[in-house]
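# Summary of structural features
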Amino acid sequence: MSGILVIAEQRRGELRPVSLELVSAAQGLRRAGEEVAVAILGAAPDSFIKALSVAGVDEIVTIKVPASEFDPDIFEAAVGALIAKRSPDVVLVAHSVDSFGYAAALAARLGLGFATDVFKVEHVEGTLVATRGGYGQKVNVEVDFPGRSTVLLAIRGNVFKAPDQAAAPRVMTFDAPPVESRAAGREFIEMSAGDEVDMTAAEFILTIGRGIGEEAKVSQFRELADAVGATLGCSRPIADAGWLPKSRQVGQSGKTASACKLYIAMGVSGAIQHLAGMKHVSTIVAVNSDAEASIFGVAKYGIVGDIFEIADELRRLF
């Protein structure tokens, strides 16, 4: 059979949000008559059926495996067997720590087309083309897969918007082949992220760019963000300089503001890599002294002026 196969991810009994994002990514690839199947592996895969029953899913494949948490050997064997049986045109997995453990090995073993960190995928004149970053995210690279009947793509998280409508896909089971795992787990320890902010869940973000000039100015924008009830974010130059943690970087090589409703960009030029992290935002306000800055091209409201003067005026209002 052809079609698209999505490999969902779960961790500690909870479906990871990226699983539903993969369903949305699949919709732009499906051709007339093709179906989207979602496979879920786990000790109790049936418990995820309801969460995976969303618009765009035609079939859910449950695969019961002996490991309650991710195991690279078990995943490689089970997913490989499912691909061999179904021969899908495209297999979508998350670009995540889990897929790092088995996807490349699986692609090499089965002779699949393969690309990681993909943030755009489409058919161009009948050819599958995946777009990913290259040279430290300084350029976008388009990749095609001549001679490959099945292509495995690892999709970047927080790029595609998850479907929000329920559906009633058919459900089937698949028997995973027996495999002797080389890994042994003892205990699951949740590591602290250090900076606990989740930019992907923030609804109101105030982002600063290289226009602030120096690290000493960061504190006043942090205070402003706190005063107006926003989450402080930054563009890549600020994170690269170490003025704010990487976890607060919005953009192609940072986080996507997928839940943001109001985004204020202060001193941000609007490089294409940064704009990639803002594409889900409904209302963007740009403040920049350069009237020709690219950020004004995507902003709903724009202010040409000194960001420090505007920041002071906002601070007086709050």
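Residues numbered from 1 in each chain as written. Predicted model: local features only at pLDDT ≥ 70, side-chain atom pairs only at ≥ 80, totals over all residues. Heavy atoms only, no water.

Along an α-helix, residues three or four positions apart point the same way, because every turn accommodates 3.6 residues. In a regular helix each residue adds 1.5 Å, so 15 residues correspond to 21 Å; helix H3 (residues 72-86) covers 21 Å between its end C-alpha atoms and thus fits that length. Of all the 15 residues making up H3, 11 are buried; the element is thus mostly covered by neighbouring parts of the structure. What H3 keeps buried is the set Asp73, Ile74, Phe75, Glu76, Ala77, Ala78, Val79, Gly80, Leu82, Ile83 and Arg86. Considering only its buried residues, H3 is in contact with strand E1 (4-7), strand E4 (36-42), strand E5 (59-64), strand E6 (90-94), helix H5 (103-110) and strand E11 (170-173). One side-chain oxygen at the N-terminal end of H3 lies 3.0 Å from the backbone nitrogen of Asp73; it belongs to Asp71. Directly beyond the C-terminal end of H3, a positive phi value near 50° is found at Ser87. (Helix = DSSP H or I, 4+ residues; strand = E, 2+ residues; numbered from the N terminus. Expected span 1.5 Å × (residues − 1). Buried < 20%, exposed > 50% of the residue type's maximum accessible area, 1.4 Å probe, protein only. Contact = heavy atoms within 4.5 Å. Polar contact = N/O pair within 3.5 Å; in protein donor to acceptor, adjacent residues only side chain to side chain.)

For the rest of this paragraph, the subject is empty space enclosed by the protein. Under the criterion given, the structure shown has two cavities of 30 Å³ or more. Lining of the second largest cavity is provided by Glu9, Gln10, Leu41, Gly42, Val65, Ala67, Ser68, Glu69, Phe70, Phe75 and Asp98. A class-by-class count of the residues in the lining of the second largest cavity yields five nonpolar, three polar and three charged. (1 Å grid on protein atoms, 1.4 Å probe; cavity = no way out; pocket = protein on both sides within 12 Å on 5 of 7 lines; lining within 4 Å. Points joined across faces, edges and corners; volume = space filled by probe spheres on them. Nonpolar A, V, L, I, M, F, W, Y, C, P; charged D, E, K, R; others polar.)

To continue, consider the sheet that holds strand E13 (residues 231-234). Pairing in this open sheet of five strands is parallel, and the strands run E13-E12-E14-E15-E16 from one edge to the other. The two strands at the open ends of the sheet, each matched to only one other strand, are E13 and strand E16 (301-304). When the angles between neighbouring strand axes are averaged without regard to direction, this sheet yields 15°. Pairing analysis gives five bridges linking strand E14 (residues 262-266) to strand E15 (residues 283-288), with the strands arranged parallel. Bridging from a neighbouring strand, Leu262 pairs with Thr283 of E15. Helix H6 (residues 218-228) contacts strand E12 (204-208), E13 and E14 of the sheet and is inclined by roughly 165° relative to E12. The strands that helix H9 (residues 307-317) touches are E14, E15 and E16; relative to E14, the one it contacts most, it runs at about 135°. (Pairing = 2+ DSSP bridges. Axes fitted to C-alpha atoms, helices over the stretch in contact; angles between N-to-C directions.)

Ranked by size, the top nonpolar core spans 29 residues in total, and within it Leu52, Leu92 and Leu153 carry the most contacts. Ranked by residue count, the leading element in this core is helix H1 (residues 18-27), at five residues. (Core = buried A, V, L, I, M, F, W, Y, C linked by side-chain atoms within 4.5 Å.)

Mapped onto the fold, Val118 is located in strand E7 (residues 113-124). Remark: the alpha-carbon pair of Val118 and Gly157, spanning 39 residues in sequence, is separated by 9.2 Å. In contact with Val118, other than residues within four places in its own chain, are Ala130, Thr131, Arg132, Leu153, Ala154, Ile155 and Arg156.

Moving on, we come to the layout of surface pockets. Size it by volume and the largest pocket reaches roughly 960 Å³. Around the largest pocket, the lining is made up of 32 residues, and of these Arg16, Gly157, Asn158, Thr200 and Lys255 lie nearest the centre. The set of elements that each furnish at least two residues to the lining of the largest pocket consists of strand E3 (14-15), H1 and helix H4 (97-100). Taken together, the residues of the lining of the largest pocket break down into 12 nonpolar, 10 polar and 10 charged. Empty space within the second largest pocket amounts to approximately 410 Å³. Forming the walls of the second largest pocket are 16 residues, and the residues nearest its centre are Glu69, Phe70, Asp71, Gly185 and Phe188. Broken down by secondary-structure element, the contributors of at least two residues to the lining of the second largest pocket are strand E2 (10-11) and H4. Along the lines of polarity and charge, the residues of the lining of the second largest pocket split into seven nonpolar, three polar and six charged.

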